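Chain by chain, the residues:
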Amino acid sequence: MLLIDTHVHLNFDSFSGDLDAVRDRWRRAGVERLIHSCVEPSEFAAMQAIADRCPELFLAIGLHPLSADLWSDALGDQIDQLARSDDRVVAIGETGLDFFKADNRSQQNCCL
């Protein structure tokens with residue numbers, strides 16, 4: 001069975017010092033593919049650099065719903081361009097609704 005972790009955030013500071021050890025652990029656990037969920041386009045270049053080191057890492061590019069107030073057509077165009085620029089991008093995300101920590105519920109509901 002192919003194991004894929006579909007929601008990782010390997011750019012978090014907590015991984016910066018031991019990413020190689022973390023990678024060894026996911027490999028020993030049998031995880032063969034990972035998909036990093038970008039929460040904002042500004043982290044895309046850093047994620048590409050990590051994916052360069054970890055060929056089993058794929059990318060999703062988007063804007064987290066808690067940052068919905070940052071949405072603009074230009075940002076949508078940027079996400080589209082980034083998604084088309086790298087074959088490792090396999091999804092658009094992190095997007096959608098997130099009411100668990102929401103303090104911008106009305107902005108998230110704008111498109112419903």
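Everything below is about the structure printed above this text.
(A) Main features of the overall build of the protein chain. A tally of regular secondary structure across the protein chain gives 5 helices and 4 strands. Ordering the α and β elements of the protein chain from the N terminus gives β-α-α-β-α-β-α-β-α. In the protein chain, buried positions account for 38% of the 112 residues. The long-range share in the protein chain, meaning contacts at least 24 apart out of those at least 6 apart in sequence, stands at 66%.

(B) Here's a closer look at the sheet that holds strand E4 (residues 89–92). Read across the sheet, 4 strands follow the order E1-E2-E3-E4 without closing on themselves; strand pairing throughout is parallel. Every other strand in the sheet has two partners, leaving strand E1 (3–8) and E4 as the edge strands with one partner each. In this sheet, adjacent strand axes meet at a mean angle of 25 degrees when their direction is disregarded. By the bridge criterion, 3 bridges tie strand E3 (residues 57–61) to E4 in an arrangement that is parallel. Following the sheet pairing, leucine 59 is matched in E4 by valine 89. Set on the sheet, helix H4 (residues 73–85) makes contact with E3 and E4; between it and E4 the angle comes to about 155 degrees.

(C) Spotlight on the nonpolar core. In terms of nonpolar packing, the biggest core is built from 22 residues, with Leu10, Trp26, Phe44, Ile50, Leu57 and Ile61 touching the most fellow members. If near-sequence neighbours (up to four positions away) are discounted, leucine 10 is found in contact with Phe15, Leu19, Trp26, His36, Ile50 and Leu57.

(D) Geometry of H4. For H4, spanning 13 residues, the distance from its first C-alpha to its last is 18 Å, which sits close to the expected 18 Å at 1.5 Å a residue. Among the residues of H4, Leu75, Gly76, Ile79, Leu82 and Ala83 are the ones counted as buried. For H4, the arc enclosing every buried residue in end-on projection is 125 degrees, short of the 170-degree limit, so these residues lie on one face. Residues of H4 that are exposed and point over 90 degrees away from its buried face: Asp73, Ala74, Asp77, Gln81 and Arg84.

(E) Here's a closer look at the side chain of glutamate 94. Relative to the elements of secondary structure, glutamate 94 occurs in the loop between E4 and helix H5 (105–108). Residue glutamate 94 is classed as buried on the basis of its relative accessible area, which comes to 14%. Engagement of the side chain of glutamate 94 in a polar contact is seen with the side chain of histidine 64, the distance being 2.8 Å. Those residues in contact with glutamate 94 that lie beyond four places of it in its chain are His7, His9, Ser37, Cys38, Val39, Ile61, Gly62, Leu63, His64 and Pro65.

The rules behind each value
- Residues numbered from 1 in each chain as written.
- Predicted model: local features only at pLDDT ≥ 70, side-chain atom pairs only at ≥ 80, totals over all residues.
- Heavy atoms only, no water.
- Helix = DSSP H or I, 4+ residues; strand = E, 2+ residues; numbered from the N terminus.
- Buried < 20%, exposed > 50% of the residue type's maximum accessible area, 1.4 Å probe, protein only.
- Contact = heavy atoms within 4.5 Å.
- Pairing = 2+ DSSP bridges.
- Axes fitted to C-alpha atoms, helices over the stretch in contact; angles between N-to-C directions.
- Core = buried A, V, L, I, M, F, W, Y, C linked by side-chain atoms within 4.5 Å.
- Expected span 1.5 Å × (residues − 1).
- Arc of directions from axis to C-beta.
- Polar contact = N/O pair within 3.5 Å; in protein donor to acceptor, adjacent residues only side chain to side chain.

Such coordinate-based values are descriptive only and should not be taken to indicate function.
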